[in-house]
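An overview of the molecular structure
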Amino acid sequence: MKKILLTICACFFATFSMAQNAVIGDSFYVIDDFSGMMTSHVADHLIKKGYAKQALNVRPNEKYGRLTKRSPLFLLTTTPDSAVKSLFRHYVSDSTKYTIATYGTKVSHFDDSGTETILFSNATSAKRWSFLTYKDSLIGMNGSDRAKKWDQKVLTTANTDEARTAGDLMADLGAPYAELNTGANLDASSWYQYKVAFCSDDTCTASSSFTYSDARSNPIQTGADVRDIYLTDIPLGPLGTESRYIYRTLGNASRANC
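Thresholds applied
- Residues numbered from 1 in each chain as written.
- Predicted model: local features only at pLDDT ≥ 70, side-chain atom pairs only at ≥ 80, totals over all residues.
- Heavy atoms only, no water.
- Salt bridge = Lys/Arg side-chain N within 4 Å of Asp/Glu carboxyl O.
- Helix = DSSP H or I, 4+ residues; strand = E, 2+ residues; numbered from the N terminus.
- Buried < 20%, exposed > 50% of the residue type's maximum accessible area, 1.4 Å probe, protein only.
- Pairing = 2+ DSSP bridges.
- Phe/Tyr/Trp six-rings, centres within 6.5 Å; stacked < 30°, edge-to-face > 60°.
- Lys NZ or Arg CZ within 6 Å of the ring centre and 35° of its normal.
- Axes fitted to C-alpha atoms, helices over the stretch in contact; angles between N-to-C directions.
- Contact = heavy atoms within 4.5 Å.
- pLDDT = per-residue confidence, 0-100.
- Core = buried A, V, L, I, M, F, W, Y, C linked by side-chain atoms within 4.5 Å.

This part covers the pattern of salt bridges. Counted according to the given criterion, the structure contains 9 salt bridges. A salt bridge links R89 to D112, with the nearest nitrogen and oxygen atoms 3.7 Å apart. Here D112 lies in the loop between β7 (106-110) and β8 (116-120) and R89 lies in strand β5 (residues 84-91), a separation of 23 residues in the sequence. R89 sits in the partly exposed class, given a relative accessible area of 27%. Among the ionic contacts, a cluster of salt bridges with common partners joins D151, K153, R164 and E179.

What follows is about the pairing of β5. Here 7 bridges tie β5 to strand β6 (residues 97-103), and the two strands are oriented antiparallel to one another. Residue pairing in the sheet places S86 in a bridge with T102 of β6.

On to the packing of aromatic side chains. Scanning the model with the defined rule gives 3 aromatic pairs in all. Plain terms: the ring middles of Y98 and W150 are 5.3 Å apart, the flat faces sit at 85 degrees to each other, and that makes the pair edge-to-face. Here W150 lies in strand β11 (residues 148-150) and Y98 lies in strand β6, a separation of 52 residues in the sequence. W150 carries the same exposure label as Y98, and that label is buried. Pairing W129 with F131 gives two aromatic rings, centres 5.8 Å apart and planes at 10 degrees, and the pair type is stacked. Joined through ring pairs, the aromatic side chains of F88, W129 and F131 make up one cluster. One residue, K148, lies across the ring of F120, its end atom 4.3 Å from the ring centre.

As a further point, take the sheet that holds strand β19 (residues 243-248). Judged by pairing direction, the sheet is antiparallel, and its 3 strands sit side by side in the order β16-β15-β19 without closing on themselves. Every other strand in the sheet has two partners, leaving β16 (210-212) and β19 as the edge strands with one partner each. This sheet shows a mean twist of 25 degrees between the axes of neighbouring strands, independent of strand direction. Note: strand β15 (residues 194-199) against β16, 3 bridges, orientation antiparallel. Across the sheet, F198 pairs through a bridge with T211, a residue of β16.

Moving on, we get to the pairing of strand β18 (residues 228-232). Most of β18 is tucked away, with 4 of its 5 residues classed as buried. With 5 bridges joining them, strand β13 (residues 177-181) and β18 adopt antiparallel strand pairing. Across the sheet, residue E179 finds its bridge partner in β18, namely Y230.

Another aspect to go through is the environment of D81. Assignment of secondary structure puts D81 in the loop between β4 (67-69) and β5. Distance from D81 to G104, taken between C-alpha atoms, is 7.9 Å for residues 23 residues apart in sequence.

Spatially, the 4 strands line up as an open sheet ordered β5-β6-β7-β8, and their pairing is antiparallel. Edge positions in the sheet fall to β5 and β8, since each has one partner strand and no second. Strand-to-strand twist in this sheet, taken as the mean axis angle between neighbours without regard to direction, amounts to 30 degrees.

Here we come to the environment of Y103. In this fold, Y103 is placed in strand β6. Of the residues examined, Y103 reaches a relative accessible area of 3% and is grouped as buried. As for Y103 and K85, which are separated by 18 residues in sequence, their C-alpha atoms are 5.6 Å apart. With residues up to four places along the chain from it excluded, the contact list for Y103 reads T79, P80, D81, S82, A83, V84, S108, F110 and E116.

Attention now moves to the confidence of the model for the chain. The predicted model of the chain averages 85 in pLDDT, with 86% of residues at 70 or higher. Counting contacts from residues 4-23, a segment whose pLDDT is below 50, to residues more than four positions away or on other chains yields 1 contact.

The next point concerns the side chain of S217. Checked against the element boundaries, S217 lands in the loop between β16 and β17 (220-221). A residue is classified by how much of its surface remains accessible, and S217, at 2% relative accessible area, is buried. Ignoring any residue separated from it by four or fewer positions in sequence, one finds S217 in contact with A171, A175, P176, A178, Q193 and Y194.

This paragraph deals with the nonpolar core. I100, V107, L119, W150 and M170 are the most contacted members of the largest nonpolar core, which totals 13 residues. Residue assignment for this core shows that the elements contributing at least two residues are β6 and β8. Those residues in contact with M170, other than ones at most four positions away along the chain, are V107, L119, F120, L138, K148, K149, W150 and N218. Membership of the second largest hydrophobic core comes to 9 residues, among which are L180, Y192, I220 and L231.

Laid out in structure tokens, this is it:
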């Protein structure tokens, strides 16, 4: 009788130990209510029904309180040569989508095949950017450089009508965009940049109310043959503006000089 009793006790102890190990190790639970969503800094035994501390590879479903499996991830590109500091998905009214990334001194657009178009190549290095979409324009700022804007133009073929210069597709917010225009009135293969001033009347004399912005257009290099420049999105100016004056640099031999 003692042997039988000892055998039963030994079996009970082994079963109890295995049950304890199951609780201490990984556990699986059936969740039929996730209405409480995520919570943190709560002891495991205090989490209420419907809440969770971690949710891996899942995201909230369209139905309140439910979960769905996270969509598969894919590698977009390996192009950046330094840490990506900012990501933004830019949607425009024609349903076109743009992936905007910043790294090093660059603000870039990547298409869905991973091909990079550098929008701005001379930003202050390693800054985090904030972006928004306003009437199809991308507006970005990093707290150091002037706020920038972009209108989805990507043509950068040299000496081509309607093209801009590679790496300088964005303009300062408050300045016009500059692009090449067929003609031969400016210096060939030279760099230009534009600013705008605003007057309260058409004469713009000493008695006029005169204001201007430090915002600059995108720097642009003329071609050997296509060497006129066309401006778009010229600012209207503050309330009461009657005339606008456009200023540009003289033709410069380099972007830095411009």
